[in-house]
Amino acid sequence: MARPPSDTPKAADRILATAGELFYREGARAVGVDQIVERAQSTKPSLYRAFGSKDQLIAAYLEGQGQQMWSNFDAAVAAHPDDPKAQILAYVDALGDRALGKGSRGCGLTNAVVEYPDPKHPGHRVAVGHKDRLRSRLRDLTRAMDARKPKKLADSLLLLIEGVFVTSQLFGPDGPAGAARGAAEALIEAHTRKAPKAANDPPGHDRV
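These notes cover the structure that comes with them. Here the structure is a predicted model, which means the values were calculated and not measured.

### Brief notes about the overall build of the protein
Line of reasoning, step 1. Scanning the protein from N- to C-terminus turns up nine helices and zero strands.
Line of reasoning, step 2. In the protein, the succession of α and β elements from N to C terminus is α-α-α-α-α-α-α-α-α.
Line of reasoning, step 3. For the protein, the residues scored as buried account for 40% of the 208 residues in total.
Line of reasoning, step 4. Of the contacts made within the protein by residues no fewer than 6 positions apart, 66% connect residues no fewer than 24 positions apart.
Line of reasoning, step 5. Split by element, the accessible area of the protein, about 11,600 Å² in all, is 55% carbon and sulfur.

Listed below in structure tokens is the structure:
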């Protein structure tokens, strides 16, 4: 007689979805395991079988946050093939809309790094990994648009992106986050406007 299928995957999905909502809204440190399993209509043994620990559950939640970030980023890239400037501006536009939307608490990845500053924490590692990758992707795009200093432009854009998340929580819809598109355009223009090169400058001297 065949054994009935285990309900562990279904329980794990409920636990992860519930934890994700609570972690994002209230902060991972403030949410206990008892609260998660009660809301998910599950049990502690199910949580620990599926994830091992609360820290690993946090890491799984943040992996989902990272995948959502990449879905948004890739959508902006796909909407403007072969136009890196338009790709970045499309991402910033959509980012501003999401950050100012109802229920937004900024970036779950950034929030987690603030909550868990220990580099050894599983959630910290997941969050920093995705942010490092975002920094690299921005550098790829700024190089593709032939910026004079692509790394500096990419880092300036990353500062802007992180600022959108923070200021949207501080000031709401009337705050600086609404100026993100114009700020991104100004940064790109400043780094892509062609400047005369001095005769004694070695080739590629400013490609940093």
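There is more to say, and it comes next.
### Remarks on helix α8 (residues 150–171)
Line of reasoning, step 1. With 22 residues, α8 extends 31 Å from end C-alpha to end C-alpha; this agrees with the ideal 32 Å at 1.5 Å per step.
Line of reasoning, step 2. Along α8, the positions that sit buried rather than exposed are P150, L153, A154, L157, L158, L160, I161, E162, V164, F165, T167 and S168.
Line of reasoning, step 3. Against α5 (84–99), α6 (108–115), α7 (122–144) and α9 (180–192) lie the buried residues of α8.
Line of reasoning, step 4. A positive phi of about 75° marks G172, the residue just after α8.

### What about the nonpolar core?
Line of reasoning, step 1. In this structure, F23, I36 and L57 are the most contacted members of the largest nonpolar core, which totals 53 residues.
Line of reasoning, step 2. With nine residues, helix α4 (residues 54–79) is the single largest residue contributor to this core.
Line of reasoning, step 3. If we ignore the near neighbours within four places in the chain, the residues touching L57 are I15, L16, A19, F23, I36, L47 and F51.

Rules behind the numbers
Counting restarts for each chain: residues are numbered from 1 in the order of the written sequence. For a predicted model such as this one, the threshold for reporting local features is a pLDDT of at least 70, and the threshold for listing and counting side-chain atom pairs is 80 or more; totals across whole chains, interfaces and linings nevertheless cover every residue. Excluding hydrogens and water, the side-chain values take into account all heavy atoms of the structure. Strands here mean DSSP runs of E at least two residues long; helices mean DSSP runs of H or I at least four residues long; both are numbered from the N terminus. Accessibility here uses a 1.4 Å probe with only protein chains present; expressed as a share of the type maximum, an area under 20% marks a residue as buried, one over 50% as exposed, and anything in between as partly exposed. When checking whether two residues touch, look at their non-hydrogen atoms; a contact exists if any pair is within 4.5 Å. Calculation of accessible area relied on Shrake-Rupley with a 1.4 Å probe; when residues are assessed, cover is drawn exclusively from the protein chains displayed. What a helix is expected to span follows from its residue count: subtract one and scale by 1.5 Å. Side-chain atoms within 4.5 Å are what join buried Ala, Val, Leu, Ile, Met, Phe, Trp, Tyr and Cys residues into a set we call a nonpolar core.

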